[in-house]
Amino acid sequence: MTEPTTEQTTESRELEWGKHYVMVRPDHFRVDYVINPYMDTAVQPNPERAMAQWEHLVETLRGLGARVDVLGQRADAPDMVYAMNLGLGVVGARGPQVVMSHMRYAERRMETATAEPWFREQGLATSYVGRDGVGAHFEAGDAFAFGDALVVGYGPRTEELALKHLATDLGIRVRGLRITHPGMYHLDLAFCPLDERRALVCPSALDDESAAALLAMVPEPLVLTEEEALTFCANSVVVGRTVVMPACPPRVREQLEAWGFEIVLVDIGEFHLGGGSIRCLTNPVDVTVGRDLPAVPAGEVVLP
Ligand code: ARG
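All residue numbers here refer to positions counted from 1 along the written sequence of the relevant chain. Only residues with pLDDT of 70 or above have their local features reported here, since the model is predicted, and side-chain atom pairs are shown and tallied only from 80 upward, although totals for entire chains, interfaces and linings are computed over all residues. Excluded from the side-chain calculation are hydrogens and water; included are all heavy atoms of the structure.

### Structural notes on the sheet that holds strand S9 (residues 191-193)
Here is step 1 of the chain: If you trace the three strands from one edge of the open sheet to the other, you get S9-S10-S11, paired in mixed fashion. Of all the strands in the sheet, just S9 and strand S11 (220-223) have a single pairing partner and so form its edges. Neighbour-to-neighbour, the strand axes of this sheet turn through a mean angle of 20°, independent of strand direction.
Here is step 2 of the chain: Strand pairing is assigned whenever DSSP identifies at least 2 bridges connecting the two strands. Secondary structure elements are taken from DSSP: a helix is a run of H or I of four residues or more, a strand is a run of E of two residues or more, and numbering for both begins at the N terminus. Note: S9 against strand S10 (residues 198-201), three bridges, orientation antiparallel. When the bridges of S10 are listed, Phe-191 appears paired with Val-201. Axis lines are fitted through C-alpha atoms, for helices just across the contact stretch, and the angle between N-to-C directions can take any value from 0 to 180 degrees.

In structure tokens:
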């Protein structure tokens, strides 16, 4: 018997992170206010359907071997289900830690007050970039380890000043990208690391210099059109070689499959009413300094 011949592409190692997530159970998910272009208080999610979709996502991730820890939702914090924005979990020199977000909008600021003690009880050291109206805004849905740095989008939510804090607090290199598209207000709507060399990238979310900088960071980008990105397909989660996606346009599927990824679709439509999808609902806490991004003890910020 002969081995099947496959088109030999450059070796690209799986991401090592993305095997441990924190999620918030949607006990009180509603659209109570409008802070992004998808939200409309006249269009409310169906609570039972939302819970069933969320549970299916948890089961899917656990079925792929990922650990999922679950935190209950505060009754007065309808957006807390988008756990990605609670904080940036990183395993640093002193063990697991989380840099809590300082949300742009007051409507979400109470979420971190509830999540912070919970993270601490789980054994994570917690810190803040800014807090109680002091310091720069930072929302963790803007930050992803890729290549030699933490890639951080700023503009609609995270402020440029936060990048400096992240770099020095975590002892890493931060590469900033300026987001200009109102519909891709967090970087996780336009960028999804797939493995060591590959990522989903939507350049039209960014200004020209930042788009060029992002394309230069990713050796093999899967470039998304604006239309493709607006299906929330970049708001996906990668566990090993499996991509858990809310939607997958045909052209994207073809390329992912050619690269050897398995695609699992999970319908999370109720949560699109709040302007977030699979990545927004899941917060990876296993990104490790020295493994997934190099240690740069003094910290360093690189802007396009
Ligand atoms: N309604 C939430 C907000 O506008 C949605 C957050 C989506 N999360 C994300 N990581 N993109 O803040």
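### Quick notes on the site of the ligand
Here is step 1 of the chain: As a matter of local geometry, the ligand sits amid 16 residues, with Arg-108, His-186, Asp-188, Gly-274 and Cys-280 nearest to it.
Here is step 2 of the chain: Two N or O atoms count as a polar contact when they lie within 3.5 Å, although within protein this holds only if one can serve as hydrogen donor and the other as acceptor, and sequence-adjacent residues are included solely when both atoms are side-chain atoms. Between the ligand and Asn-85, the relevant distance is 2.9 Å, taken from a nitrogen atom to a side-chain nitrogen or oxygen of the residue.
Here is step 3 of the chain: Here Gly-274 contributes a backbone N or O atom positioned 2.8 Å from a nitrogen atom of the ligand.
Here is step 4 of the chain: Areas reported as accessible are Shrake-Rupley estimates using a 1.4 Å probe. Residue values count occlusion only from the protein chains shown. In isolation the ligand exposes 350 Å². Once the protein is present, 100% of that is buried.
Here is step 5 of the chain: Residue polarity follows a fixed list, in which Ala, Val, Leu, Ile, Met, Phe, Trp, Tyr, Cys and Pro are nonpolar, Asp, Glu, Lys and Arg are charged, and the others, Gly among them, are polar. Of the residues in the shell around the ligand, the class split is six nonpolar, six polar and four charged. Nearness of a residue to a molecule or strand requires only that one of the residue's heavy atoms be within 4 Å of it.

### Brief notes about the pairing of strand S1 (residues 20-24)
The side chains of a regular strand alternate, first on one face of the sheet and then on the other.
Here is step 1 of the chain: Each residue is placed in one exposure class: buried if its accessible area under a 1.4 Å probe, protein chains only, is under 20% of its type's maximum, exposed if it is over 50%, and partly exposed if it falls in between. Across the five residues of S1, five count as buried, placing the element largely inside the fold.
Here is step 2 of the chain: Across the two faces of S1 the burial is the same, with His-20, Val-22 and Val-24 and Tyr-21 and Met-23 all buried.
Here is step 3 of the chain: When S1 meets strand S2 (residues 67-71), the two strands line up parallel, connected through five bridges. In the sheet register, Tyr-21 faces S2, and the bridge partner there is Val-68.

### Details of helix H4 (residues 208-217)
Here is step 1 of the chain: If you check which residues of H4 are buried, you get Ser-210, Ala-211, Leu-214 and Met-217. Burial along H4 is one-sided: seen end-on, the buried residues are contained in an arc of 125°. Away from its buried face, by an angle of more than 90 degrees, H4 presents the exposed residues Asp-208 and Ala-216.
Here is step 2 of the chain: By definition, residues are in contact when any of their heavy atoms lie within 4.5 Å. In this fold, the buried residues of H4 make contact with strand S6 (143-146), strand S7 (149-154), strand S8 (173-178), S9 and S10. The arc in question is formed by the directions pointing from the helix axis toward the C-beta atoms.

### Topic: the confidence of the model for the protein
Here is step 1 of the chain: The share of residues in the protein with pLDDT of 70 or more is 95%, and the mean pLDDT across the chain is 94.
Here is step 2 of the chain: Confidence scores per residue from the predictor, reported as pLDDT, run from 0 to 100. Predicted confidence for residues 1-8 stays below pLDDT 50, and this span has zero contacts to residues more than four positions away or in other chains.

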